[in-house]
Every structure is written in C-alpha cells, then in structure tokens.
Amino acid sequence: MINILFYLLFLTSEVLALRTWAYCKNLQDNLFHFSMSRFDLSVIEATTGKVDSSIFLIRFFHNKIILFFSQVFNLYLNFWDLLVMVNMISVVGFVFMIYGIYSLIEKRRLRVLSIIFFAALFLQLAEIFLNPTIPFLFKFILISLPYLLLSFFGFKAYTIDGKSKGRLVVVLIFLVVSVLWLVVFQPQGPAYCVKIQ
Amino acid sequence: MSNLQKTLFVLVILLTFTLRFFRLSEVPPGLSGDEVAIGYNAYTILKTGKDEFGKKLPILFESYGDYKLPGYIYTTSLSILTFGKNEFAVRFPSALAGSLTVIALFFLVKDLLMMDKKSKDKAGWIGLTAALLLAVSPWHLQFSRAGFEVNLALFFYIFAVWLLIRSVKDKNHFLIWLSLSSFTLTFYTYHSFRIITPITLFGLWFIFFRKKNGYQKQLVAAFILLALVVLPLFLQTGSMARFDQTAAFDEYKTPTLVSKLYTYPVVVLRNYLSHFSTEFLVIKGDGFGRHQVDHAGLLYLWTLPFLLFGGFSLFRQKSQLKSITLLLLLTAPFAAAFTRPTPHTLRSLPLVIPLTIIISFGIVGLLTLIKSPVKKIFLVLLTVIVCYEFLFYLHHFYGHYPKVHQLDWGGAYKEMVLEAVRLKSRYDLIVVDSSQFTFAPIYFKFYGDSVAPLYVDSKWTKPDEWESKKILYVHPDYGRASERNLEKIYIPNNPYGDIFIQFWEI
C-alpha cells in the first residue's frame, strides 16, 4: 500500500514538472529544434567577416559538414543536460533515472538499456529535425518518454527490489526537494522555448 | 616508469610550457581591468611596500572594492622585479602555476594508483594521459594564460593534495606540514578556496586519518597552526566584501526566516548542479568572453564518451584514486554554488582536475578493453578526431579570439594611454571622462604614470576660467563620432570596428 502511495507521489512530481513546459505549447520554436535558417546563418557567420584568414583554414575549420554535425550534436546534448532533465522530470525523477541506468548496467540488462537509449536517440533526433507544427503533446510525450521510463525503472529497482531499510525516507527527501524546486523557481519553459516574431 | 614513459613525460612538459607561454603577452589581447589592478598593486608593493592607496603591506587589497587577496599580487611583485612592469610579468605567475599544476597532477594520479595493487601497472600511463589532457585542456589553458588568481590557488591546492598523499605513502610526517602550508596559501590566493579547502581537508582526514594512527598529534597541531595562520584573513575589513557582492540569494524574495530556510538550500542545489550541465561543460561554458573561447566548450567533445566510461568504471572500484577524485569532484563547485552568476567557469576551475582524471581513466581503461585488430583502427580514428578538435581550438584561440574579444580584455585602454602620453606635450592638461570606463585611472597608472589626468564625469564642460588653456579631452565612446573639434578617433583592429576612444582638443 505504502509503495503505491510513493509511486503516486513520484508520478505526481514528474507530472508537475512536465506541466511547467506547457508554456512551450503555443510557441513555434524551442531550444532543441534544428532550423535550416539558423544553420545557414551560422555558415555565413563562420565563413565571412573581417577576420583575415587563408581560404584553406576557412575550408578546414568552417565547412558545412563540421558545422552541421556540431550543431546537431549540441542540440542533441541539450536533451541530456542535467538541468533540462531536472526541469523535465523533477529532481526525484532525475535521481532515479540515474539509478535506473546504473542498475541496468550493474545487472547486465544491457539489451533493455540499449533499446531505451536507441529509442531516445531516434525520438530526440526526430524532434531535432521535425517540423515544429507537429502537435505539441505528441511531440513532448516522445521527448520525455525515455526519461520517464528510465526513472520509473530506477524507482522500482530502488524501492521494491532494493534492500536498504531507509529507502522510503530517501525517496521522501527527494520528493520534498522536488516540490521545493517547483515552488522556488519559476516555470522553466521560457528558458527553453522562444516565440518566433 | 619505463624509458618510453619518461620520454613522453618530458614531451608533455614541453607541450605544457609551450602552450602556456607562447605569445603570452599578446593572446589574450591586452590586460583586463583585474590584471592591470594586480599589476599596478604589485608594482607599488615592490617600489614602496604599499598598495595603490598607500596601505603598507596589506593582507587584503581594496582595489575596485572587491578586496583582492594578496597571494597573486605579492607573487607578481617578484615577477615584475624580474621582467619589468609589462603584460608578461603580470601573466607569468599564472602561466608558471598552470604548467606546474600539470606536473603535480601527473604525480598525484601516479602516486594514488601506485597505492592500489591492482592499478600499479597502469599508474604511469593514466598519470601521463591526465597530464597530457590537462596540458591541452581549453578550460585550464584559458586561465593559465592570464593573470587569474584562481589558477595560482589551484596549483597550491593540487600540490597540497599530492604532498599529503606522499606523506601517507612514505609515512613522512614532514610532508604533512608542507602540505598544510600549501593549503594555507590557497586561502590567501583566491576567495573560493576559503570554502573548498576546509571541505577538502575534512574529506582527506576522513579518507586517510580517521582511523587512529601515528599522525593524530601531528594533525591536531598542524590544524591549529593552520587556523591561526588563516585567522587574520577573516578578521580584515572587507574580507567578506566579495561574497556580499556576488551572493546568490539576492534575486529571491525571502522576507521570513522560514522562506530563507527552504529557498537557500534549493538555490544552492540548483547552482551546484548547473556546473555539471552539458551546456556548461561542453557547449558554451558560462558565456563570459574572458572565460572561454567561442565555439569550443570547456571540455573537448571527444572526451564525453570517455568521461562516461571512466566515471562508471572508476566509481565501481574500491581505490584511493576513486575516493580522492570523488572528493575533488564534489568539492570543486561548492563555492561557486553560493554565488551568482552561475554556473561560473572561473570559480569552478578546480572541477577541471577530477574531470581530467576521470577522462584519462576512461581512455586507458577503454584502450585496455579493446582487442588488438580493432584497437589500431580505434586509435587512428581517435587520434584524427583529437587532433582536429585541438587544432580547431587553437585556430579559434589564436585566430578569432584576440580579434573578436578585444573588448573583454581591456579593449584599447593601453593604446589610449600611450596615445595620451604621446600627445601630452602639446596640451596644458589632459581630462579623461571616466564615467563609462571605470578602469581608465588604473590603466593610466600602469601604462602612463608620467601623466596625471583629471578624471571627470560625462556631464563635465570646460570651465570659463580655463578658456585660455589647451585641453586634451579623452572621451571613451562606442560606435559614434562627435563633430566637436576632433583630435583623433582610435579604432582598434576588431571585426566590429568599434570606436573605442575619442581625443578632443578643447
């Protein structure tokens, strides 16, 4: 019974954190989206200007292939940014996501982990390249799904399979921190989503 | 150490010194306001034994009201004595400390691994990899090539940790005293270490000395002495000024004690965690022009997989390296978490050490795992990627950075002073509008002490009684020229063509 209660509290905290991202619903752009116009601008910025440089250096260091991969990689890294994850699935969600990854590796259930990671890889790459007009809710579920799955796995591994006596106290502490986080900080949506003028 | 390792170690040291001293005076472009203040105070200490305000041998230097610690300034006095009052002398202590930190890290990692039977054979290679990674680290290079106090403090800190480990390894009580002396110097060199050093000391005690052994009396005596030596620093006026200026909590409304009790810890937690975000570590650092190069993060992109692998494999071990790395990792962002803005590249510089250790552990660990035929291909691919990213960084650091970030490094303050000095014989008085550029007086003191300008605000007009006087009016300005009797517009060589300074004859 108490486990169910903790599951509900855990779920509530994640939902509350996710809810703060509703801000992005009516906006047309976000931090994670790859835009061809932004890419073109960065190519122009990198290859022109008043900095004197030989054509070889420009081609070697500022070519489209490198710029493309660096932009996509940076956008992809945003999904694994610690603060983005904390703001998306709450502090308690993030902690148990890490624990989930750890226990999957520790128990050598690498196939499950690989599937989740590959799912994350493709879902998030899809988000990077997809048109922002795709329904927000659908898109957002896709983005957050891998984190939610990992965090629930970690939560289960710690609370139900775990042997530590004071584990529910630990969960409670992280739940309290998650709630305080939501109370103290403004909704983080505006930090990640921008309105195209 | 094998002969090959010894040769490689010498090559790493050569690379370290080259990267830190090559064109040190020119890149970064010009001395920043803080560097000039350090340089001028060091110069006055050397000449008169007093700071710029006439205070004799101070423990805290008032400077811009930020009360700078004395460690870097007194060290720079020696450097100015040797090299003269110039850019190289101001940056020399930091560049030297940065180079020595690389050497200290090598011995720290090697000695820690030598204490563990399982890792003994890999000790030299992991130490070498860590030294090489720190030698080419964009994060560490940035702060080693300018007069940053934090870099000197970091050297004292790592040196102290290494000495303590040697004292345990060799059962040499004398090294504990040397170690604590070095820890004491961190207190006197950079503010962050007033928080980082005590936590580290507690951690080291917990790791090495919590069980009773022959060290107890020595340790108690050493800690009492350390507290006594450090105490004067905390009793000085202005010792908390820097914290008051940068405290993280001002932007949160906390009218009651209860609101403070639940807000402050969460703010500290958020600030602390922000130092481990990929945006900070890999993508763009903290965004300050003086703290990193554009388009290159604090860590190279290629190091990320090794960081993950190294972290996982290191923290599963039971070894002293794990305990020390974990201690350094968790302690490093602690001081920065209490301040704003956050994350902060400078205040969290000690973080570069544990991250470098973890990455080097990951590289050697992964290379040991990979079997022979794949290993060669992997090594070739890795070498190509590593070299490309390193060259990319150097291209930005020496090519773009000095031009794009000139204004972050004092712009053309130096040229402004030299031009005023050149023109002074043609004028009765030099008047400088220092309203926009608060650093102008200190640049005049450092580069042009033969000139004593009158500093005025932007509303200043020439008094009627000075009608007959010929005045050179130095007016800092961005992007616009005035039609008033223009003497000269100085345009520094940067891509934006900013007008930095105007010389008016009035």
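Treat the numbers as computed from the prediction; the structure is a model and nothing was measured.

## As for the overall build of chain A
When its secondary structure is counted, chain A shows nine helices and two strands. Scanning chain A from its N terminus toward the C terminus, one meets helices and strands in the order α-β-α-α-α-α-α-α-α-α-β. The contacts of chain A with a sequence gap of at least 6 include a subset with a gap of at least 24, amounting to 82%. Total accessible area computed for chain A in this model is approximately 11,100 Å², and 72% of it derives from carbon and sulfur atoms.

## Digging into the nonpolar core
Ranked by size, the top nonpolar core spans 103 residues in total, and within it Trp139(B), Phe183(B) and Ile353(B) carry the most contacts. The element contributing the most residues to this core is helix 7 (residues 149–170) of chain B, with 12 residues. Setting aside residues no more than four positions away along its own chain, Ile353(B) makes contact with Thr101(B), Leu105(B), Leu134(B), Leu154(B), Ile158(B) and Leu328(B). Grouped together as the second largest cluster of nonpolar side chains are 44 residues, Val86(A), Met88(A), Ile116(A) and Val268(B) included.

## A short note on the packing of aromatic side chains
Evaluation of the coordinates by the stated rule reveals 63 aromatic pairs over all chains. A ring pair is formed by Tyr300(B) and Tyr393(B), whose centres lie 6.4 Å apart and whose planes are at 85 degrees; its orientation type is edge-to-face. Of the two residues, Tyr300(B) is situated in the loop between helix 13 (278–284) and helix 14 (303–316) and Tyr393(B) in helix 18 (residues 372–404); the sequence distance between them amounts to 93 residues. The two residues Tyr300(B) and Tyr393(B) agree in class, both being buried. An aromatic cluster of at least three residues, connected via ring pairs, comprises Tyr7(A), Phe10(A), Phe96(A), Tyr99(A), Tyr102(A), Phe152(A), Phe155(A), Tyr158(A) and Phe312(B).

## A look at the pairing of strand 1 (residues 429–433) of chain B
All names here are of chain B. Strand 1 sits mainly inside the fold: four of its five residues count as buried. In terms of strand pairing, strand 1 meets strand 3 (residues 471–476) through four bridges, oriented parallel. Considered in strand 3, the bridge of Leu 429 is made with Ile 471. Here strand 1 runs beside strand 2 (residues 454–456); their pairing, made up of three bridges, is parallel. By the bridge assignment for strand 2, Val 431 is matched with Leu 454. For the segment spanning strand 1, helix 20 (residues 440–447) and strand 2, crossover handedness is right-handed.

## With respect to the packing of helix 2 (residues 33–48) of chain B against helix 3 (residues 70–83) of chain B
When two helices pack together, their arrangement is captured by the angle between the axes and the distance separating the axes. Residues and elements named next belong to chain B. Look at helix 2 against helix 3: their axes get within 8 Å of each other, and the N-to-C directions meet at 70 degrees. What the angle tells us is that helix 2 and helix 3 run roughly perpendicular. Once helix 2 is placed against helix 3, the crossing between them reads as right-handed. Side by side, helix 2 and helix 3 meet where Ile 38, Gly 39, Asn 41, Ala 42, Tyr 43, Ile 45 and Leu 46 of the first sit next to Tyr 72, Ile 73, Tyr 74, Thr 76, Ser 77, Ile 80 and Leu 81 of the second. The class makeup of the residues in the contact of helix 2 with helix 3 is 10 nonpolar, four polar and no charged.

## Focus on the interface of chain B and chain A
Interface extent is often summarised as the accessible area lost during association of the parts. At the junction of the two partners, chain B supplies 28 residues and chain A supplies 27 residues. Interface area for chain B against chain A, summed over the two sides, is near 2,600 Å², with a carbon-plus-sulfur share of 75%. Looking at the side of chain B that touches chain A residue by residue, the class counts come to 16 nonpolar, eight polar and four charged.

## Some points on the environment of Phe156(B)
All names here are of chain B. Mapping Phe 156 onto the fold places it in helix 7. The exposure class of Phe 156 is buried, given its relative accessible area of 15%. Spatially, the C-alpha atom of Phe 156 lies 9.0 Å from that of Thr 189, the residues being 33 residues apart in sequence.

## Here we look at the pattern of salt bridges
All names here are of chain B. This structure, assessed with the given rule, holds 14 salt bridges over all chains. For the salt bridge of Glu 52 with Lys 445, the shortest nitrogen-to-oxygen distance reads 3.4 Å. Remark: Lys 445 occurs in helix 20 and Glu 52 occurs in the loop between helix 2 and helix 3; sequence separation between them is 393 residues. Across the pair Arg 340 and Asp 250 runs a salt bridge whose closest N-O atoms are separated by 3.1 Å.

## Topic: the environment of Gly54(B)
Residue and element names in this part refer to chain B. Relative to the helices and strands, Gly 54 is located in the loop between helix 2 and helix 3. Given the relative accessible area of 41%, Gly 54 is considered partly exposed. Spatially, the C-alpha atoms of Gly 54 and Phe 159 are 34 Å apart, while their sequence positions differ by 105 residues.

## Considering the confidence of the model for chain A
For chain A, per-residue confidence averages 79 on the pLDDT scale, and residues scoring 70 or more make up 85% of the total. Within chain A, strand 1 (residues 29–30) of chain A has the poorest average pLDDT of any element, 62, and helix 8 (residues 167–184) of chain A the best, 89.

## Focus: the pairing of strand 5 (residues 501–505) of chain B
Residue and element names in this part refer to chain B. The buried fraction of strand 5 amounts to four of the five residues, a majority that puts the element mostly inside the structure. Where strand 3 meets strand 5, five bridges bridge the pair, whose relative direction is antiparallel. By the bridge assignment, Pro 476 is partnered in strand 5 with Ile 501.

## Overview of helix 4 (residues 64–79) of chain A
The end-to-end C-alpha distance of helix 4 of chain A is 23 Å, a good match for the 22 Å that 16 residues give at a rise of 1.5 Å each. Those residues of helix 4 of chain A that are buried are in contact with helix 2 (36–47), helix 5 (82–106), helix 6 (110–129) and helix 7 (136–159) of chain A together with helix 13 and helix 14 of chain B.

## Considering the environment of Tyr190(B)
Residues and elements named next belong to chain B. Relative to the assigned elements, Tyr 190 resides in the loop between helix 8 (173–187) and helix 9 (193–209). Here the alpha-carbon distance between Tyr 190 and Ala 153, two residues 37 residues apart in the chain, equals 5.9 Å. Among all residues touching Tyr 190, those that are not within four sequence positions of it are Leu 69, Glu 149, Val 150, Ala 153, Leu 346 and Arg 347.

Calculation rules
Residues numbered from 1 in each chain as written. Chains lettered and ligands numbered in written order. Predicted model: local features only at pLDDT ≥ 70, side-chain atom pairs only at ≥ 80, totals over all residues. Heavy atoms only, no water. Helix = DSSP H or I, 4+ residues; strand = E, 2+ residues; numbered from the N terminus. Contact = heavy atoms within 4.5 Å. Areas by Shrake-Rupley, 256 points an atom, 1.4 Å probe, with all protein chains shown as cover. Core = buried A, V, L, I, M, F, W, Y, C linked by side-chain atoms within 4.5 Å. Buried < 20%, exposed > 50% of the residue type's maximum accessible area, 1.4 Å probe, protein only. Phe/Tyr/Trp six-rings, centres within 6.5 Å; stacked < 30°, edge-to-face > 60°. Pairing = 2+ DSSP bridges. Right-handed = clockwise from strand over helix to strand, strands pointing away. Axes fitted to C-alpha atoms, helices over the stretch in contact; angles between N-to-C directions. Parallel < 35°, antiparallel > 145°, perpendicular 65-115°, else oblique. Left-handed = near helix turned anticlockwise from the far one by under 90°. Nonpolar A, V, L, I, M, F, W, Y, C, P; charged D, E, K, R; others polar. Buried area = accessible area lost by both parts, 1.4 Å probe. Salt bridge = Lys/Arg side-chain N within 4 Å of Asp/Glu carboxyl O. pLDDT = per-residue confidence, 0-100. Expected span 1.5 Å × (residues − 1).

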